[in-house]
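What follows is the residue order along each chain.
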Amino acid sequence: ASLAQGTSVIKNYLVSPDTDAMIAACQQLGAIIDKNDQAMLTVQGFGGKPKAAHTIIDVGNSGQALRFIAGVASLGTAY
């Protein structure tokens, strides 16, 4: 949903530290993600063009988030 252009709604997502790490990383790359109390996310994507992160993207111990974010970040431009 972060890679898409426009708004997406994700219902019943897994609430976990790995998911939180992925959400934070996508936000650092320009996605606007809102959570609500009913396990639903509203995501405004960056249309395949992530912004450069202005700090280190820390995904903690989430290997899955690391693999996905490395690929997504490679779509951006270096500054």
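In the block above lies the structure referred to throughout.
Residues numbered from 1 in each chain as written. Predicted model: local features only at pLDDT ≥ 70, side-chain atom pairs only at ≥ 80, totals over all residues. Heavy atoms only, no water.

**What about the overall build of the protein chain?**
The helix and strand tally for the protein chain stands at 2 helices and 3 strands. Secondary structure elements of the protein chain, listed N to C terminal, follow the sequence β-α-β-β-α. In summary, the protein chain has a C-alpha radius of gyration of 12 Å against a globular reference of 12 Å for 79 residues, a match within 12%. In terms of principal-axis extent, the alpha carbons of the protein chain reach across some 40 × 30 × 15 Å. Buried residues in the protein chain amount to 25% of all 79 residues. Taking all contacts inside the protein chain whose residues are at least 6 apart in sequence as the whole, residues at least 24 apart take part in 66%. By element, 54% of the accessible surface of the protein chain is carried by carbon and sulfur atoms, the whole surface being about 5,400 Å². (Helix = DSSP H or I, 4+ residues; strand = E, 2+ residues; numbered from the N terminus. Rg over C-alpha atoms; globule rule 2.2 N^0.38 Å. Buried < 20%, exposed > 50% of the residue type's maximum accessible area, 1.4 Å probe, protein only. Contact = heavy atoms within 4.5 Å. Areas by Shrake-Rupley, 256 points an atom, 1.4 Å probe, with all protein chains shown as cover.)

**Looking at the sheet that holds strand E1 (residues 5-11)**
If you trace the 3 strands from one edge of the open sheet to the other, you get E1-E3-E2, paired in antiparallel fashion. On the outer flanks of this sheet lie E1 and strand E2 (32-36), each paired with one strand and no other. Ignoring which end each strand starts from, the neighbouring axes of this sheet average 10° apart. Here E2 runs beside strand E3 (residues 40-46); their pairing, made up of 5 bridges, is antiparallel. The residue bridging Lys35 from the neighbouring strand is Leu41, located in E3. Against the sheet, helix H1 (residues 17-28) contacts E2 and E3, and its axis sits at roughly 145° relative to E2. (Pairing = 2+ DSSP bridges. Axes fitted to C-alpha atoms, helices over the stretch in contact; angles between N-to-C directions.)

**What to know about the nonpolar core**
Formed by 15 residues in total, the largest nonpolar core has its most connected members in Ile33 and Leu41. Every element with two or more residues in this core is listed here: H1, E3 and helix H2 (63-73). Take this core: its biggest share by element is 4 residues, from H1. What Leu41 contacts, discounting residues up to four positions off in sequence, is Ser8, Val9, Ile10, Tyr13, Ile23, Ile33, Asp34 and Lys35. (Core = buried A, V, L, I, M, F, W, Y, C linked by side-chain atoms within 4.5 Å.)

**Quick word on the environment of Phe46**
Positionally, Phe46 belongs in strand E3. On the basis of relative accessible area, Phe46 is assigned to the buried category, the value being 13%. Between the alpha carbons of Phe46 and Asp34 there is a distance of 14 Å; along the sequence they are 12 residues apart. Sequence-distant contacts of Phe46, defined by excluding residues within four places in its chain, comprise Ser2, Leu3, Ala4, Cys26, Leu29, Gly30, Ala31 and Val72.

That's the geometry; what it means functionally is another story.
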